[in-house]
Amino acid sequence: MSRPRKVPGIRPYTHPAGGWGALRATAKAIREQMDATEAALTLFRTNKPRGFDCPGCAWPDKEHTSTFQFCENGAKAVTWEATKKRVSPEFFAAHSVSSLWNWSDYELENEGRLTHPLAYDAASDTYKAISWDAAFQRIGEVLRAQPDPNMVEFYTSGRASNEAAFLYQIFAREYGTNNFPDCSNMCHEATSVGLPQSIGLGKGTVSLDDFDHCELLIAMGHNPGTNHPRMMGTLHEVAKRGVPIIVFNPLRERALERFADPQNPIEMSTFGYEEIASSYYQVKVGGDAAALKGIMKALLALDEARKPTGGVLDRDFIATHTHGFDALVADLAATDWASIEKASGLPRAALESVAEAYAKSNATIISYGMGITQHSKGTGNVQQLANLLLMRGNFGKPGAGICPLRGHSNVQGDRTVGITEKPGADMLSRIEQTFGFTPPDAHGHDAVASMQAIIDGRSKVLICLGGNLAVALPDPGQCYPAMRRLDLAVHVATKLNRSHLLVGKESIILPCLGRTEQDVQAQGAQMVTVEDSMSMVHASRGKLPPVSEHLRSEPAIVAGMAAAALPESKVAWMDLVEDYDRIRDMIESVFPDFKDFNERVRKPGGFRLPLPATERVWKTASGKAEFIPFSGLNEDPEVSNGNVLRLTTIRSHDQYNTTIYGLDDRYRGVFGRRDVVFMNQGDLTARGLKHGDTINVETALPTGETLRLDGFIAVAYDIAQGSVAAYYPEANGLVPLSYHDAQSGTPSYKSVPVRIIRHADETASRTLSS
């Protein structure tokens, strides 16, 4: 795209994703964070049978004996955790919390690993070292002093192991609450809610082997080159064998266009690459549901036209395995093409072309990310993907199925072992049978509800098992002040982040072992387990010595808090953490799918949890897979003002969730800055703006609620007209806490109606009016 003037930090990146650029970035991460020799040995152990699971994304491992099993961003995650940098009590003595607040998120985490338990001292406005015993004692005192256990929120990050997450949910339930805000509430909760209604299972149904047999891959609303880069090796293989890959994404993302495999010597030596997308459709932000309805409508027309030769739908599958097809057909018949084209931003011919390709394929996989889920109708979006797959029987056969792309490496596992605010009766019954206490059965708080309770003063204590909750949530204008009003905030963490600086009346930081570090308990060296995106459960064993003798493992920290808070507990907390096999025995007792857990997880590659939908067994109320129509075409509330654009939040390539590894986003041509808004050239021109202009952004919600970001830079980019993009979490300030999917509670980070105003014009207007 032509850019009329140079803007500092903005320059085109012409190379493919991966390739030499990835190797240079990996080398830079190693050089800045670790000793080169130690880094090489550590990275070689990543995602290996006797090594540790990458603390980054949840994409599974295919070949456990290959030279290396990590990607560029995986190397960043490992070196970021295994860094030689340290944050000691001396650091905090030299820096008040108030002064640290002015540091960037990148600067805070880049200081290195926490080395001691810490408690906030209001008199000096600093964190000071505290003993583990004193920390646990104080946490226990505060928890026991709460008049209602539902005044405590137990947050979980997806990086927690199965063992830690299981103990954590047992701790909270014996304490008396089901308040489990979780990072999945902010990403794939629409999957966890929507898919069970459709297919009786809240997880993906494909395995890595299915990618070897698929005849078509449809990728919607995700950017694997940045957010799950190990998937690129799989996409590379699929493209290389000539399988069509159809992409729907508002932005042209480099990794979905072309990719050079750093493990391919021919591509590296010749500067070659593989074209990834066979077709690339730049759907409008918020237009996915309309696009899917268009494809399904076109598919029905094809079926009607080809009835004499048998049609294109799998009628036998629909009749035997599904319910609600006629309602879907009626809804699609009532939806006109002009409205579909307007809402999706795509021409009818393009969607008919996708339907043709889908009709030819005997085995189709649909992969999707948060571009589908993070909308006010995200649950409905997910169900439209399932509808499309059901129409041709693309469940329960090789090379076919649905593939939600999870984020953190154990975000799915945490849910499997009980981190849920809506527990089922069977799970609660087995907890009671296993541990001897009666857990509460009332639904608790998800992430949005927990923060609303904190804002309202109904919740007074927050315990965070990892993560950076305040930054991850939308609407910092409400969240930050509320966090500062807490009676107690407890953070289990490896590094300092902004949530730790939102000190309440009391704040405690408990430093834990990282995934890369040895975990030695009373009965010797321990392993933990994680579950990947495809329901494979496998072991992880850290190899590095802990960065400090004062660190404890997450299971040991959870047990320490529980023992202090529940002096009459029926759970043998300290006995369980002596040997994690004992924890896994308890997991097996509560969750029968983990039968023979300790035996099976010791096999290379681990084991796969049961997925009934892959056997065409539907755990729905009807006993069949359900076609669920989408009401209308809009994923998010419609705004009548024609000057409104739709903002989607995105992550840079130097980022993983709220962790900022650096200030570059090289595939999008941004270097050393994050204060940008990507805009279509037509939208710039229509507003009298130029590439590089300073702009203000304000929400244009139907409720009239106005949030603002001032002083950002407009960057001309290849993005669908009517759509704009800005980085998360900076743009979270434009997302109200109340703006979320009613069914799943997932915030609508991916479609916020906004107005763009030239900063100079607004400044001049204010000057004149004053």
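An account of the accompanying structure is given in this report. Since this is a predicted model, take the numbers as computed values, not measurements.

Each value, and the rule that gives it
Residues numbered from 1 in each chain as written. Predicted model: local features only at pLDDT ≥ 70, side-chain atom pairs only at ≥ 80, totals over all residues. Heavy atoms only, no water. Helix = DSSP H or I, 4+ residues; strand = E, 2+ residues; numbered from the N terminus. Rg over C-alpha atoms; globule rule 2.2 N^0.38 Å. Buried < 20%, exposed > 50% of the residue type's maximum accessible area, 1.4 Å probe, protein only. Salt bridge = Lys/Arg side-chain N within 4 Å of Asp/Glu carboxyl O. Pairing = 2+ DSSP bridges. Axes fitted to C-alpha atoms, helices over the stretch in contact; angles between N-to-C directions. Arc of directions from axis to C-beta. Contact = heavy atoms within 4.5 Å. Disulfide = S-S within 2.5 Å. Parallel < 35°, antiparallel > 145°, perpendicular 65-115°, else oblique. Nonpolar A, V, L, I, M, F, W, Y, C, P; charged D, E, K, R; others polar. Patch = residues over 30% accessible without salt bridge, like charges linked within 9 Å, V, L, I, M, F, W, Y side chains within 5 Å. Areas by Shrake-Rupley, 256 points an atom, 1.4 Å probe, with all protein chains shown as cover. Left-handed = near helix turned anticlockwise from the far one by under 90°.

Further remarks concern the overall build of the protein chain. Helix and strand content of the protein chain: 32 helices and 31 strands. Computed over its C-alpha atoms, the radius of gyration of the protein chain comes to 25 Å, within 12% of the 27 Å expected for a compact globule of 770 residues. Dimensions of the protein chain, computed from the C-alpha atoms along their principal axes, are close to 75 × 70 × 55 Å. When the 770 residues of the protein chain are sorted by exposure, 64% land in the buried category.

Moving on, we get to the pattern of salt bridges. One pass over the full model with this rule turns up 33 salt bridges. The residue Glu-356 makes a salt bridge to Arg-306 at a minimum N-O spacing of 2.9 Å. Separated by 50 residues along the polypeptide, Glu-356 in helix 19 (residues 348-360) and Arg-306 in the loop between helix 15 (288-305) and helix 16 (315-321) bring together distant segments of the chain. Shared partners join several salt bridges into a network, and the residues in it are Glu-163, Asp-581, Arg-584 and Arg-602.

Pairing between the strands of a sheet is mediated by backbone hydrogen bonds and can be parallel or antiparallel. Strand order in the open sheet formed by 5 strands is 11-8-7-13-14, with parallel pairing between adjacent strands. Each edge of the sheet is formed by a strand with only one pairing partner; in this case those strands are strand 11 (279-281) and strand 14 (401-404). For this sheet, the mean inter-axis angle between neighbouring strands, taken without regard to orientation, is 15 degrees. As judged from the 3 bridges shared by strand 8 (residues 245-248) and strand 11, these two strands associate in the parallel manner. By the bridge assignment, Val-247 is partnered in strand 11 with Tyr-280.

Moving on: helix 23 (residues 425-435). Within the span of helix 23, buried status applies to Met-427, Leu-428, Ile-431 and Phe-435. When helix 23 is viewed along its axis, its buried side chains cluster within an angular range of 100 degrees and face the same direction. Exposed residues on helix 23 whose side chains face more than 90 degrees from its buried face are Ala-425, Asp-426 and Gln-433. As for helix 23, its buried residues are in contact with helix 8 (162-175) and helix 29 (580-590). Note on helix 23: the residue one or two positions beyond its end, Gly-436, has a positive phi of about 85 degrees.

Let us now look at the state of the cysteines. Using the criterion set out here, one finds 0 disulfides in the structure. Left unpaired, Cys-403 is separated from the closest cysteine sulfur, that of Cys-214, by 10 Å. Cysteine Cys-479 is unpaired, with the sulfur of Cys-464 as its nearest cysteine sulfur at 12 Å. For Cys-479, a relative accessible area of 0% translates into the label buried.

On to the packing of helix 18 (residues 337-344) against helix 19. Helix-helix packing is described using two parameters, namely the angle between the two axes and the distance between the axes. Helix 19 packs onto helix 18 with a crossing angle of 95 degrees between their chain directions and a minimal axis gap of 9 Å. By the angle class used here, helix 18 and helix 19 are roughly perpendicular. For the pair helix 18 and helix 19, the contacting residues are Trp-337, Ile-340, Glu-341 and Ser-344 in the first and Arg-348, Leu-351 and Glu-352 in the second. Broken down by class, the residue content of the contact of helix 18 with helix 19 amounts to 3 nonpolar, 1 polar and 3 charged.

Glancing now at the pairing of strand 8. In strand 8, alternate side chains face the same way, and those of Ile-245 and Val-247 on one face and Ile-246 and Phe-248 on the other are all buried. The pairing of strand 7 (residues 216-220) with strand 8 spans 4 bridges and is classified as parallel. Counted as the bridge partner of Leu-217 is Ile-245 from strand 8.

A surface patch of nonpolar side chains, about 330 Å² in accessible area, is lined by Trp-20, Leu-23 and Phe-271. Here Leu-23 is to be found in helix 1 (residues 19-33).

Let's shift gears to the packing of helix 15 against helix 21 (residues 378-391). It is the contact of helix 15 with helix 21, at a shortest axis distance of 10 Å, that shows an interaxial angle of 20 degrees. Relative to helix 21, the element helix 15 is oriented roughly parallel. Both helix 15 and helix 21 take part in a crossing whose hand is left-handed. Seen from helix 15, the contacting residues are Ala-289, Leu-292, Ile-295, Met-296, Leu-299 and Leu-300; seen from helix 21, they are Asn-381, Gln-384, Leu-385, Asn-387, Leu-388 and Met-391.

On to the sheet that holds strand 9 (residues 258-260), then. Strand order in the open sheet made by the 3 strands is 1-9-10, with mixed pairing throughout. In this open sheet, the two edge strands, each paired with only one partner strand, are strand 1 (17-18) and strand 10 (274-275). Two strands pair when backbone bridges link them, and strand 1 and strand 9 are joined in this way by 2 bridges, in the parallel orientation. Following the sheet pairing, Gly-18 is matched in strand 9 by Ala-260.

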